[in-house]
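# Summary of the model geometry
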Amino acid sequence: MGIRFILLVNKQGQTRLAQYYEYMTLEECRALEGEIVRKCLTRTDQQCSFVEHRNYKVVYRRYASLFFMVGVDNDENELAILEFIHLLVETMDRHFGNVCELDIMFHLEKAHFMLEEMVMNGCIVETSKANILHPIQLMDKAS
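Counting restarts for each chain, with residues numbered from 1 along the sequence as it is written. Where totals are concerned, whole chains, interfaces and linings use all residues; where local detail is concerned, this predicted model gives features only for residues with pLDDT of at least 70, and gives and counts side-chain atom pairs only at 80 or more. Only hydrogens and water are removed before side-chain values are computed, so all heavy atoms of the structure are retained for them.

Keep this limit in mind: UniProt positions are given in the numbering used here, feature names are shortened, and annotations may be inferred rather than shown by experiment.
By the naming in an unreviewed UniProt entry, the protein is AP complex subunit sigma, taken from Zostera marina. The UniProt entry for the protein carries the following comment under Sequence similarities (unreviewed entry): "Belongs to the adaptor complexes small subunit family." Comment text from UniProt for the protein, heading Subcellular location (unreviewed entry), reads "Endomembrane system".

## So, the layout of surface pockets
Stated precisely, the cut-off is as follows: Cavity: a set of points on a 1 Å grid over the protein atoms alone where a 1.4 Å probe fits but cannot get out. Pocket: an open set with protein on both sides within 12 Å along at least five of seven lines, its lining residues, like those of a cavity, having an atom within 4 Å of a point. Grid points are joined across faces, edges and corners, and a volume is the space filled by probe spheres set on the points. Just so you know the grouping, Ala, Val, Leu, Ile, Met, Phe, Trp, Tyr, Cys and Pro go in nonpolar, Asp, Glu, Lys and Arg go in charged, and all remaining residues, Gly too, go in polar.
Size it by volume and the largest pocket reaches roughly 160 Å³. Lining the largest pocket, in full, are Cys 40, Arg 43, Thr 44, Asp 45, Gln 47, Ser 49, Tyr 60, Arg 61, Arg 62 and Phe 67. Residues of the lining of the largest pocket, tallied by class, amount to three nonpolar, three polar and four charged.

## Here's the deal with the sheet that holds strand β5 (residues 66-72)
Using the following cut-off: The pairing criterion for strands is at least two bridges between them, as found by DSSP. Put simply, DSSP marks the helices as runs of H or I at least four residues long and the strands as runs of E at least two long, and each gets a number from the N terminus on. Whenever a helix is involved, its axis is fitted only over the stretch in contact; in every case the axis is a line through C-alpha atoms, and angles between N-to-C directions fall within 0 to 180 degrees. For this analysis, residues touch if any pair of their heavy atoms sits within 4.5 Å.
Here five strands make up an open sheet; going across it, the order is β2-β1-β5-β4-β3 and the pairing antiparallel. Taken across any chain shown, the strands that pair with only one partner, and hence form the sheet edges, are β2 (15-20) and β3 (50-53). The average undirected angle you get between the axes of adjacent strands in this sheet is 20°. Across the sheet, helix α1 (residues 26-41) is in contact with β1 (3-10), β2, β3, β4 (56-63) and β5; its angle to β3 comes to roughly 140°. Running over the sheet, helix α4 (residues 108-118) touches β1 and β2 and is turned about 35° from β2.

## Observations regarding the environment of Cys 48
Filter applied, for reference: With a 1.4 Å probe rolled over the protein chains alone, any residue whose accessible area is under 20% of its type maximum counts as buried; one over 50% counts as exposed, and the rest are partly exposed.
By secondary structure assignment, the location of Cys 48 is in the loop between α1 and β3. Residue class for Cys 48 comes out partly exposed when judged on its relative accessible area of 42%. Excluding residues within four positions of it along the chain, Cys 48 makes contact with Arg 43 and Tyr 60.

## A short note on the packing of aromatic side chains
How we decide: Each Phe, Tyr or Trp ring (for Trp, its six-membered ring) is paired with any other whose centre lies within 6.5 Å, and the angle between the two planes then decides the class: stacked below 30 degrees, edge-to-face above 60, tilted in between.
In this structure the tally under the stated criterion is four aromatic pairs. Relative to Tyr 20, the ring of Phe 5 has its centre 5.9 Å away and its plane inclined at 40°; by these criteria the two rings are tilted. Of this pair, Phe 5 sits in strand β1 while Tyr 20 sits in strand β2, and the two are 15 residues apart along the sequence. Between the aromatic rings of Tyr 60 and Phe 67, the centroid separation amounts to 6.4 Å while the plane-to-plane angle is 45°, which identifies the pairing as tilted. Considered together, Tyr 60 and Phe 67 belong to a single accessibility category, that of buried residues. Through a chain of ring-to-ring contacts, the aromatic side chains of Phe 5, Tyr 20 and Tyr 56 assemble into a single cluster.

So, in structure tokens, the structure goes:
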């Protein structure tokens, strides 16, 4: 398995979306999120976007007011994960227009659905924006 968790966090440190690909209790998730968010939000723009924490490597990127954080195994390629984060943002941009925190908050189910189309059991399975968005567009037409 490669990806262990994906977090979308605002600049104040509030989690807007969390997806875990390994079992953790709610208390463990909260503690992990708090530690990682504090560690990543205190870093400057001049520091790299990779942080080692516990037995994870956290790759993060800031887009506007949102931090996209991905926890991976230590042997994962950091640049590939940065490219995955960029693909996720581009996919959300294509669907929501210019994606922002409010889009995630008001359309959380669609954001989760995009992640579920892209990642299965911690492995990236789809990278085509058209293939990721097609089921969501069908759901929008049906409603």
